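# Geometric and topological summary
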Protein chains: 4
Amino acid sequence: MDSEERLRVWEERADPYLLVASLLYLAAYAVQVLVPGLSPGWHTFWLTVTVVTWSVFVVEYLARLILCDDRRHFVRTRWLDLVVTVLPLLRPLRIVEVHERVQRRRARPRLNLEARVMAYTGLTVVLLGFAASLAVLHDERYAPGANIHTFGEALWWAASTLTTTGYGDATPVTVRGRLVAVGVMFLGVALVGAVVGSFSSWLLRRFRLEGEREE
Amino acid sequence: MDSEERLRVWEERADPYLLVASLLYLAAYAVQVLVPGLSPGWHTFWLTVTVVTWSVFVVEYLARLILCDDRRHFVRTRWLDLVVTVLPLLRPLRIVEVHERVQRRRARPRLNLEARVMAYTGLTVVLLGFAASLAVLHDERYAPGANIHTFGEALWWAASTLTTTGYGDATPVTVRGRLVAVGVMFLGVALVGAVVGSFSSWLLRRFRLEGEREE
Amino acid sequence: MDSEERLRVWEERADPYLLVASLLYLAAYAVQVLVPGLSPGWHTFWLTVTVVTWSVFVVEYLARLILCDDRRHFVRTRWLDLVVTVLPLLRPLRIVEVHERVQRRRARPRLNLEARVMAYTGLTVVLLGFAASLAVLHDERYAPGANIHTFGEALWWAASTLTTTGYGDATPVTVRGRLVAVGVMFLGVALVGAVVGSFSSWLLRRFRLEGEREE
Amino acid sequence: MDSEERLRVWEERADPYLLVASLLYLAAYAVQVLVPGLSPGWHTFWLTVTVVTWSVFVVEYLARLILCDDRRHFVRTRWLDLVVTVLPLLRPLRIVEVHERVQRRRARPRLNLEARVMAYTGLTVVLLGFAASLAVLHDERYAPGANIHTFGEALWWAASTLTTTGYGDATPVTVRGRLVAVGVMFLGVALVGAVVGSFSSWLLRRFRLEGEREE
């Protein structure tokens, strides 16, 4: 189709800009959460970066929505794009994919299947863990009865949640913090499970190859 | 067989009514647990809904048991039907299946295999988590030494149990609450495991396809 | 081989007796742990049952060791038999297998592959959880600072450990209790993982079959 | 290639010495952590062992780096060698592989695929758990507010972390202890997951074989 083709061309062109905007958004959010004593000037600067990058995401999504013919089909098949437009902290779910598409065009030597799945999901886990730590720290820091006060504690909570260890020495107590935590638990269990599954499958394949080589 | 055929026709006809009854039962139970200051009139109303829908489940099960020839075979192959008749809060284990059978007759476009498993088990997890939160809240709310007092805390407990995170900041202390929890743990570990497994398998397949397309 | 054949015949004959002895041992251990105020007569009785059944295990193992020609091969291939002879509480790892072998000779209708794996590992998990609860209760009950005082708490601990939820509201504090717990964690993670894996695989197969039937 | 060949010969020769050095390093580290009241003489001795073995690792890595032609390719494909050279406590990730290579040349009877994966990852888990317990004990022992004071508690923490149970009764509180813990969580989840996956796969295969034999 013509419209479908136009959409693909657009997405290929937009990819590098979206990748940069995603990293900028995450950086701006990180600075605002991690540096509380920000001077008014810098505060305005980083707030502007947040707002501008977010606007870029929204505008780009709407532009694509308008560009295409079958809008219901667009919304249904690219529902993840809608989710990461409304909640930009979930962008890591797309960053990696976009980054991969950019890399691909440069025709670098590729990793094997399992290594690629592990790299993709592993990187997504790291970025989501980082974003979730920021969000939870933002919500919990000054909450009464909270036990997550520093970024270190937030990262510690994120690691113990993503791996479903759940020590319980650092847990969110606010409603918004817990909503983030529930998301991290379910996303974490799925993504970490995918890493583990790929690792097992790679390990089994490697041992099988080794066994065959010997005979 | 004639009797087997009659049973199938009955089940196809009964499906939509059972689906409605299941949702009504869950709604009635939810209202009774979540709105403690119910006026006597409404209390009677919702209690009636609970009793009537439950009776529907029991009558329908007995009707099928009488309809069929080989009763021992019926009980053994449809043991899940017996379980959800005795414990209607476990109905979500059947709701989704029934809903799918209803959908199928309308010949909607179907999802791929892994997406269907993920949707089926994911929805079951959500509904079971909701039902378990209600049951645990009902048992724990006024128990001495309990730490689950609100529906929010009950949902938080359910999420951290279903993903086997187990922070330990919200745990049942009553015998009935713990029985529910043990059920949630084992059902959760199996259902969440199935979601994770399907997700891994889908991810691997998608990456493999992408790799092949490129070559 | 002749000796190998003789061994097989012996094992087939010994199976039912070992099954009964295993259940007796577990029952005797359970009574001794769960009924602390036992009269001297009953105490002696159950202690005798424990000692006699254990002796049966040891004698049977030694008999087989003597019966066979290649003893090193016997010890190496049947190392699980040695483990459950030294630690009879781990017998559930063998009970189910023995029970299955007994059932098989009666030529009952068989379940499909995944259902059999799930039934086997599921039953093993339940029996091991029961045995571990008894062992932990025995060690922890009167330990200073312990939080497992009743059989209910021990079962609650076993469930939250087997599923790797690990709330932390009931944890062993004695060295022996923790050794049991470490065993439960690793055995549990493997056995529960096997149940989950089989369940996923069965679910995927069922959905695939359903999809094919429709087309 | 000639250089690639020379590298392989080198590695085959170096293997047994590296294996001994790895065990020596772990032993020296263990003594220094577990025997705090060491006399000055012994302290110097074990410190020397640590330094010497570490130097061996570094020198061996650099020697191989110099030996080979394509250095960037060497660094990229053998990144694990770099990791275990910088952090020798992670050597267990290589010990087992090396040990296997040594065994192989002796042409012992081999285990089947799943048993080999389970043995490899299981042994790695045990050695890493041991090394991590030492590292965490070293960091936590005298830290204010810590709850890991003895080696037993450190092992208990390692077991509950590796299996992602996470009771929370023993958790690191120092920054370095938590960094070790995060590593253990992610490595543990992957390695234990591989053991579980292999075990499931072996169980399914065994049940399938049994089913076929009967028919």
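On a predicted model such as this, the values are computed, not experimentally measured, just so you know.

## Notes on the interface of chain A and chain D
Counting residues at the interface gives 24 residues for chain A, matched by 29 residues for chain D. A buried area of about 2,300 Å², summed over both sides, lies between chain A and chain D, and 68% of it is on carbon and sulfur atoms. Counting across the chain A and chain D interface gives one salt bridge. In this structure, Asp 169 of chain A and Arg 178 of chain D form a salt bridge, with 3.8 Å as the shortest nitrogen-oxygen distance. At the boundary of chain A with chain D, the tally comes to three residue pairs in polar contact (both at pLDDT 80 or more). Elements with a minimum of two residues in the side of chain A that touches chain D: α7 (151-162) and α8 (175-214) of chain A. Per-element tally for the side of chain A that touches chain D: the top contributor is α8 of chain A, with 12 residues. Residues that form the side of chain A that touches chain D fall into these classes: 11 nonpolar, seven polar and six charged.

## Observations concerning the relation of the copies chain A and chain D
Aligned on chain D, chain A shows an RMSD of 0.1 Å; the corresponding rotation is 90° and the shift along the axis is 0.1 Å. With respect to symmetry, the two chain copies, as superposed, fit the operation of a four-fold axis. An asymmetric contact is evident, with only 17% of the interface residues of chain A recurring at the interface of chain D.

## Topic: the confidence of the model for chain A
In the predicted model, chain A carries a mean pLDDT of 86, and 89% of its residues have values of at least 70. When mean pLDDT is taken per element in chain A, α7 of chain A scores highest with 95 and helix α5 (residues 92-105) of chain A scores lowest with 69.

## Remarks on the nonpolar core
Judged by nonpolar contacts, the single largest core of 180 residues is most densely connected at Trp 157 of chain A, Trp 157 of chain B, Trp 157 of chain C together with Trp 157 of chain D. Trp 157 of chain C has contacts with Ala 132, Ser 133, Val 136, Ile 148, Ala 170, Thr 171, Pro 172, Val 180, Ala 181 and Val 184 of chain C together with Tyr 167 of chain D, leaving out every residue within four places of it along the chain.

## A look at the relation of the copies chain B and chain C
For the pair chain B and chain C, the superposition axis carries a translation of 0.0 Å, the fit reaches an RMSD of 0.1 Å, and the rotation angle comes to 90°. The two copies present different faces, since only 14% of the interface residues in chain B are matched by interface residues at the equivalent positions in chain C.

## So, the packing of helix α2 (residues 40-67) of chain D against helix α4 (residues 79-86) of chain D
All names here are of chain D. Where α2 meets α4, the closest approach of the two axes is 9 Å, and the angle between their N-to-C directions is 155°. With respect to each other, α2 and α4 are oriented roughly antiparallel. Of the two possible hands of crossing, α2 and α4 adopt the one that is left-handed. Side by side, α2 and α4 meet where Trp 54, Phe 57, Val 58, Tyr 61 and Arg 64 of the first sit next to Asp 81, Leu 82, Thr 85 and Val 86 of the second. Among the residues making up the contact of α2 with α4, the classes are represented as six nonpolar, one polar and two charged.

## So, the interface of chain B and chain C
With 29 residues of chain B in contact, the opposing surface of chain C contributes 23 residues. Here chain B packs against chain C, burying approximately 2,300 Å² in sum over the two surfaces, 67% of which is carbon and sulfur. For chain B, the biggest contributors to the area lost against chain C are Leu 113, Arg 178 and Met 185 of chain B; these three give 23% of the whole. The interface formed by chain B and chain C includes one salt bridge. Joining chain B to chain C, the criterion identifies three residue pairs in polar contact (both at pLDDT 80 or more). Looking at the side of chain B that touches chain C, the elements that each hand over two or more residues are α5 (92-105), α6 (113-140), α7 (151-162) and α8 (175-214) of chain B. When residues in the side of chain B that touches chain C are grouped by element, the largest group, 10 residues, is from α8 of chain B. Each residue belonging to the side of chain B that touches chain C can be placed in one class, and the counts come to 15 nonpolar, eight polar and six charged.

## Brief notes about α6 of chain B
With 28 residues, α6 of chain B should reach 40 Å at 1.5 Å per residue; the first-to-last C-alpha distance of 40 Å fits that figure. Counting buried residues along α6 of chain B, 21 of its 28 residues qualify, which places the element largely inside the surrounding structure.

## A word on a nonpolar patch on the surface
Residue and element names in this part refer to chain B. A contiguous nonpolar patch, built from Val 75, Trp 79, Leu 82, Val 83, Val 86 and Leu 87 and spanning about 520 Å² of accessible area, is present on the exposed surface. Per-element tally for the nonpolar patch: the top contributor is helix α4 (residues 79-86), with four residues. If you trace the backbone, Val 83 turns up in helix α4.

## Side note on the side chain of Asp 139 of chain B
All names here are of chain B. Along the chain, Asp 139 turns up in helix α6. Accessibility expressed as a relative area gives 16% for Asp 139, which makes it buried. There is a polar contact of 3.2 Å between the side chain of Asp 139 and the side chain of Arg 176. With sequence-adjacent residues up to four places away left out, Asp 139 is seen in contact with Thr 174, Arg 176, Gly 177 and Val 180.

## Some points on the environment of Tyr 167 of chain D
When you line up the elements, Tyr 167 of chain D lands in the loop between α7 (151-162) and α8 (175-214). For Tyr 167 of chain D and Trp 156 of chain D, which are 11 residues apart along the polypeptide, the C-alpha to C-alpha distance reads 10.0 Å. Excluding residues within four positions of it along the chain, Tyr 167 of chain D makes contact with Tyr 167 of chain A, Trp 157, Thr 161, Gly 166, Tyr 167, Gly 168, Ala 170, Thr 171 and Met 185 of chain C together with Trp 156 and Ser 160 of chain D. Side chain to side chain, Tyr 167 of chain D and Trp 157 of chain C meet in a polar contact 2.9 Å long. Within the local environment of Tyr 167 of chain D, its side chain forms a polar contact with the side chain of Thr 161 of chain C, the two groups lying 2.4 Å apart.

## Some words on the pattern of salt bridges
Scanning the model with the defined rule gives 28 salt bridges over all chains in all. Here Glu 114 of chain B ties to Arg 205 of chain B by a salt bridge, and the two come within 2.8 Å at their closest N and O atoms. Of this pair, Glu 114 of chain B sits in helix α6 while Arg 205 of chain B sits in helix α8, placing them 91 residues apart in sequence. Here Asp 139 of chain D ties to Arg 176 of chain D by a salt bridge, and the two come within 3.2 Å at their closest N and O atoms. Taken as a pair, Asp 139 of chain D in helix α6 (residues 113-140) and Arg 176 of chain D in helix α8 lie far apart in primary sequence, 37 residues in all.

Parameters and conventions
Residues numbered from 1 in each chain as written. Chains lettered and ligands numbered in written order. Predicted model: local features only at pLDDT ≥ 70, side-chain atom pairs only at ≥ 80, totals over all residues. Heavy atoms only, no water. Contact = heavy atoms within 4.5 Å. Buried area = accessible area lost by both parts, 1.4 Å probe. Salt bridge = Lys/Arg side-chain N within 4 Å of Asp/Glu carboxyl O. Polar contact = N/O pair within 3.5 Å; in protein donor to acceptor, adjacent residues only side chain to side chain. Helix = DSSP H or I, 4+ residues; strand = E, 2+ residues; numbered from the N terminus. Nonpolar A, V, L, I, M, F, W, Y, C, P; charged D, E, K, R; others polar. Least-squares fit on C-alpha atoms with pLDDT ≥ 70 in both. pLDDT = per-residue confidence, 0-100. Core = buried A, V, L, I, M, F, W, Y, C linked by side-chain atoms within 4.5 Å. Buried < 20%, exposed > 50% of the residue type's maximum accessible area, 1.4 Å probe, protein only. Axes fitted to C-alpha atoms, helices over the stretch in contact; angles between N-to-C directions. Parallel < 35°, antiparallel > 145°, perpendicular 65-115°, else oblique. Left-handed = near helix turned anticlockwise from the far one by under 90°. Expected span 1.5 Å × (residues − 1). Patch = residues over 30% accessible without salt bridge, like charges linked within 9 Å, V, L, I, M, F, W, Y side chains within 5 Å. Areas by Shrake-Rupley, 256 points an atom, 1.4 Å probe, with all protein chains shown as cover.

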